[in-house]
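Fold and geometry: a report
Each chain is listed here by its residues.
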Amino acid sequence: MTTPPPLGDRLKGMLEPAQLMTWAMSHYIRVCAEAVFKKGEIFAPILQIHRLRDEAFGRFWVEFSTPAPNAAPPATASETETETDTFQPGRNTNGSSDLIPPLLRTANGIVLDIGPGTGTQMPLLRSPSISTIYGPEPCTGLHEKLRAKAIAEGISSKYHILPCGAAASQLLPGLRESGTGVTEAYDSDPRNGIFDTIICVRVLCSVPEMERTVDELYGMLKPGGKLLVTEHVVNPWRTAKGSVLARVVQSFYQLFGWSFFIGDCALDRDTEGALLRAARLDGGWKVVDLEKNFAWSVMPYVSGTLVKKS
Ligand SMILES: C[S@@+](CC[C@H](N)C(=O)[O-])C[C@H]1O[C@@H](n2cnc3c(N)ncnc32)[C@H](O)[C@@H]1O
């Protein structure tokens, strides 16, 4: 899966983010036009840039993560697990969606699914070994879809949508307000942790202060708990498998508004480094099973499992 494709395909792949950015941009223009011409909020595009941008990203992500009307519905459980691959163009960038099912199948206990979006990964979280799932999703425009997906997947009774981000300053109050008592052991002694499994799928690229958030998430893992990660990262251009051209293209997209239009997503984060450093005070993780994928591309991925020492 990680064998580089022919040069032509690699170059074509470098244009995929442009396709996504144009799509997201068209939603931003539409949201601005609606604010000005429909709602009469003529200064909103200047004074409320962030509100309009978040609304546009919400609409983009709903459209992006919704199966095309002509996509065949999955018929079996195993087909459901690869549902993300039948989505619209760009959905399965580099085949990265194939990395997710085997990983999420190992989730168990009390699960934190950070930034679940519209619940794309929910079909992979139906295992009876999962007792509860918390989904902190700050983009409230996605909550309706997320709720509907939890019902459709038959897990609504154990899925708690939280209207907050993953930073501890937001997440802990959000968890306490859920009224489930999930933080009780942590509140009496933080060494108890909260979660058996934390899922980070295409989200650490978007959280503000990623390094700090990753440290905080590590602190919320129970001893022996695991972090499951599939994240796109900065191109490892200094290594033999990396690509200088892909790294330059990453910078180009960053410069021309990728983060602005794609919900604060950054293409150039050293997420693997942050994850490894998070366990430094405990002398490292008990298990580090991470794989680097698509190192030649604009969206290289790090994917795998990190287990906290008991
Ligand atoms: C690229 S989408 C991925 C959604 C989902 N994990 C998936 O695999 O389909 C990134 C999601 O992270 C959410 N997000 C952005 N900032 C966040 C934060 N600080 N904490 C939690 N989620 C965040 C976005 O609203 C968005 O839904």
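Each chain has its residues counted from 1, following the order in which its sequence is written. With the structure being a predicted model, the display of local features is reserved for residues of pLDDT at least 70 and the display and counting of side-chain atom pairs for 80 or more, all residues being used for whole-chain, interface and lining totals. Side-chain calculation: all heavy atoms of the structure are included, whereas hydrogens and water are not.

**Remarks on the overall build of the protein chain**
Each helix is a run of DSSP H or I of at least 4 residues and each strand a run of E of at least 2, with the numbering of both proceeding from the N terminus. Secondary structure summary: the protein chain contains 13 helices and 7 strands in total. A compact globule built from 310 residues should have a C-alpha radius of gyration of about 19 Å, and the protein chain, at 19 Å, falls within 12% of that. Taken along its principal axes, the extent of the C-alpha atoms in the protein chain is 50 × 50 × 40 Å. Only protein chains enter the calculation, and the probe is 1.4 Å; a residue is then buried if its accessible area is under 20% of its type maximum, exposed if over 50%, and partly exposed in between. For the protein chain, the residues scored as buried account for 51% of the 310 residues in total. Residues are treated as being in contact if the distance between any of their heavy atoms lies within 4.5 Å. Here the contacts in the protein chain between residues at least 6 apart in sequence split such that 69% fall between residues at least 24 apart. Note on method: radius of gyration uses C-alpha positions; expected globular size equals 2.2 Å times residues raised to 0.38.

**Focus: the packing of helix H2 (residues 16–38) against helix H4 (residues 49–64)**
Note on geometry: axes are lines fitted to C-alpha atoms, helical ones only across the stretch in contact, with angles between N-to-C directions running from 0 to 180 degrees. The geometry of H2 relative to H4 is characterised by a closest axis approach of 8 Å and an angle of 130 degrees between their N-to-C directions. In terms of orientation, H2 lies oblique with respect to H4. Judged by the sense of rotation from one axis to the other, the crossing of H2 with H4 is right-handed. Together, Leu20, Trp23, Ala24, His27, Tyr28, Val31, Cys32, Glu34 and Ala35 of H2 and Ile49, Leu52, Arg53, Glu55, Ala56, Arg59, Phe60, Glu63 and Phe64 of H4 make up the contact between the two elements. By definition in this entry, angles of less than 35 degrees are roughly parallel, angles greater than 145 are roughly antiparallel, angles of 65 to 115 are roughly perpendicular, and the rest are oblique. Left-handed describes a crossing whose near helix is turned anticlockwise from the far helix by less than a right angle; the clockwise case is right-handed.

**A few points about the site of the ligand**
If even one non-hydrogen atom of a residue comes within 4 Å of a molecule or strand, that residue is called near it. By nearness alone, 22 residues border the ligand, and Gly115, Gln121, Glu137, Ala166 and Val201 come closest of all. For the purposes of these results, a polar contact is taken to be a pair of N or O atoms within 3.5 Å, where, inside protein, one atom must be able to donate a hydrogen and its partner to accept one; residues adjacent in sequence count only when each atom of the pair is a side-chain atom. One of the side-chain nitrogen or oxygen atoms of Glu137 is found 2.6 Å away from an oxygen atom of the ligand. Interatomic distance of 2.9 Å between a backbone N/O atom of Ala166 and a nitrogen atom of the ligand. Per-residue and other accessible areas follow the Shrake-Rupley method at a 1.4 Å probe size, with only the shown protein chains counted as cover for residues. Coverage of the ligand by the protein amounts to 91% of the 590 Å² it exposes when considered alone.

**Focus: the sheet that holds strand E4 (residues 195–201)**
Strand pairing requires that DSSP identify at least two bridges connecting the strands. Reading across the sheet, the 7 strands line up as E3-E2-E1-E4-E5-E7-E6 and stay open at both edges, with mixed pairing between neighbours. What marks the edges here is a single partner per strand, and that holds for strand E3 (159–162) and strand E6 (287–293). Across this sheet, the average inter-strand angle for adjacent strands is 15 degrees, counted without regard to direction. The pairing of E4 with strand E5 (residues 221–232) spans 6 bridges and is classified as parallel. Among the inter-strand pairings, Cys200 is bridged to a residue of E5, identified as Val229. Here helix H8 (residues 168–177) sits on the sheet and contacts strand E1 (109–113), strand E2 (130–136), E3 and E4; the angle it forms with E3, its principal contact strand, is near 130 degrees. Strands E1, E4 and E5 of the sheet are contacted by helix H10 (residues 210–220), whose axis makes an angle of about 145 degrees with E5.

**Here we look at helix H7 (residues 143–152)**
For H7, the set of buried residues is His143, Leu146, Lys149 and Ala150. For H7, the buried positions fall inside an angular range of 125 degrees around the axis, keeping them on one side. Away from the buried face of H7 by more than 90 degrees, exposed residues Glu144, Ile151 and Ala152 are located. As for H7, its buried residues are in contact with E3. The arc in question is traced by the directions running from the helix axis to the C-beta atoms.

**Quick look at the packing of H8 against H10**
It is at 10 Å that the axes of H8 and H10 come closest, and there the two elements cross at 35 degrees. Counting all contacts with H8, which are made through Ala168, Leu171 and Leu172, the residues of H10 involved are Glu216, Leu217 and Met220.

**Concerning the packing of aromatic side chains**
To pair, rings of Phe, Tyr and Trp, with the six-membered ring standing in for Trp, must have centres within 6.5 Å; the planes then decide the type, stacked if under 30 degrees apart, edge-to-face if over 60, and tilted in the middle. Taken as a whole and judged by the stated rule, the model has 17 aromatic pairs. Judged by centre distance (5.5 Å) and plane angle (15 degrees), the ring pair of Phe60 and Phe64 falls under stacked. Here Phe60 pairs with Phe64, and both are found in helix H4, just 4 residues apart, close to one helical turn. Given a relative accessible area of 1%, Phe60 falls into the buried group. Centroid distance Phe252 to Phe256: 4.7 Å. Interplanar angle 40 degrees. Geometry classified as tilted. According to the relative accessible area criterion, Phe256 is partly exposed, its value standing at 48%. By the ring-pair criterion, three or more aromatic residues cluster together here, those being Trp23, Phe57, Phe60, Trp61 and Phe64. When the ring centre of Phe260 is taken as reference, the NZ or CZ atom of Arg53 above it lies at 5.5 Å. When the ring centre of Tyr218 is taken as origin, the NZ or CZ atom of Lys308, which lies over that ring, is 4.5 Å away. Remark: a charge is flagged as sitting over a ring if the NZ atom of Lys or the CZ atom of Arg is within 6 Å of the ring centre and within 35 degrees of the ring normal.

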